[in-house]
Each structure stands twice: as structure tokens, then as C-alpha cells.
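# Structural characterization, general
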Amino acid sequence: MGWVSEQLVEAAQGGDLESLTAVVHGAHPHVRRFADHLCASPQDAEDAAQEALIVLYRKIGSLRATAALASWMFRIVRNECLRRTRRLPDTGAEPDPGLADSAEDEALKRLEAERVARAIQALPDVQRRVLVLRDVLGHPGRAVADSLGLSTAAMKSHLHRARTAVRARL
């Protein structure tokens, strides 16, 4: 913990307001930098960092090991970024009918989707299954490899070949 001393954390845990302020101010740049890497937007990163600092301020007394402060803070930031990522935007507004695509645009989109589907269907079975599980359904690479009985390297190889083949057909 290069940014805060163990004595400072212990004093903050004991309720010393100056020490607590120093710990929070010292943690902010590190927490913010970590949030910038994890969150989808700069606004979410700032919100996640602020939330983590609020938790630090309120609950530093419950921290058992002062050496665990950094990992505790980063876990809070990670969880907050994940929570914000999972949150669906709830605008409550109906889509603007003026922005609807024309019938021609809809037909072109359908034709393009059919073209992509045919390109995927033409792939060898393993490549098709890897591509669908990974890129279409969004499963993690390790889970795709495990479900198909492949090593991670083999799954990546099949995925690369599948993407290259689909790109070539399109």
C-alpha cells in the first residue's frame, strides 16, 4: 500500500477524522483509475469511484486487516461497475415513429441478416458452434471451450477461422 500507511489506516479505523480524510483523498486517484478501466463510461467510472469512497468513509471501521484496504476498495469498485453495467436504461419513452426505417431499409436489413446466417451455416460444425456460442450468444471463451470439450487455444483457433470464413463470404 504505497499510497497510505498502515498507521494512517489504523487511525482512520479508530475514528480520527483527519486520518480518514487523508485515506479517502489518497485512495481517490487509484480508485478512479481502476474504475476508468472497468466501467463503460467516464460518468459511470466517476460514480463508481465516488460510491467506493463513500463505502470506505462509512465502513472503514469494519475492515479487519489494514493491508487488505486496497483489495477491499477495488472489489467495491468492481462490483459497482458491474452493477452499473447490468442496469438497463429505463427511459420509459416510446421510440420516435419518425425514426422508423423505411420498408426498403427493413428489407435490406432482412436480406443482410439472411446473408450472414447463410455464411454462418456454411461453416464446419465446430466452427459454427464456437462462433454462435462466443459471438452471437456472448458466452465467455472458457465456457465455450468447456461446453464443446476443447482447449481454450483450440476454441480460439476455431473462432478465428470461423470469423475469417464468414468475413470472406460477406
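Summarised in this report is the structure supplied together with it. (Residues numbered from 1 in each chain as written. Predicted model: local features only at pLDDT ≥ 70, side-chain atom pairs only at ≥ 80, totals over all residues. Heavy atoms only, no water.)

## Quick word on the environment of Leu-148
Operational definition: Counting from the N terminus, the helices are the DSSP runs of H or I reaching at least four residues and the strands are the DSSP runs of E reaching at least two. Contacts are residue-level and defined by heavy atoms, with any inter-residue pair within 4.5 Å sufficient.
Within the secondary structure layout, Leu-148 lies in helix α7 (residues 141-148). Taking the C-alpha atoms as reference points, Leu-148 and Val-130, separated by 18 residues in sequence, lie 8.0 Å from one another. Contact partners of Leu-148, with chain neighbours within four places excluded, come to Arg-129, Val-130 and Leu-133.

## Here we look at α7
Selection rule: Buried residues are those whose accessible area, probed at 1.4 Å on protein chains only, stays under 20% of the maximum for their type, while exposed residues exceed 50% and partly exposed ones sit between those limits. The reported arc concerns the directions from the helix axis to the C-beta atoms and nothing else.
Gly-141, Val-144 and Ala-145 are the residues of α7 that are buried. Down the axis of α7, the smallest arc covering the buried residues is 95°, so these residues share one side. If you follow the buried residues of α7, they end up packed against α6 (125-136) and α8 (152-169). Among the residues trailing α7, Gly-149 stands out with phi positive, at a value near 70°.

## Side note on the side chain of His-158
Tracing the backbone through its elements, the reader meets His-158 in helix α8. Relative accessible area serves as the criterion here: at 19%, His-158 is assigned to the buried category. With sequence-adjacent residues up to four places away left out, His-158 is seen in contact with Val-126, Gln-127, Val-130 and Leu-150.

In short, shape yes, function no, at least from these values alone.
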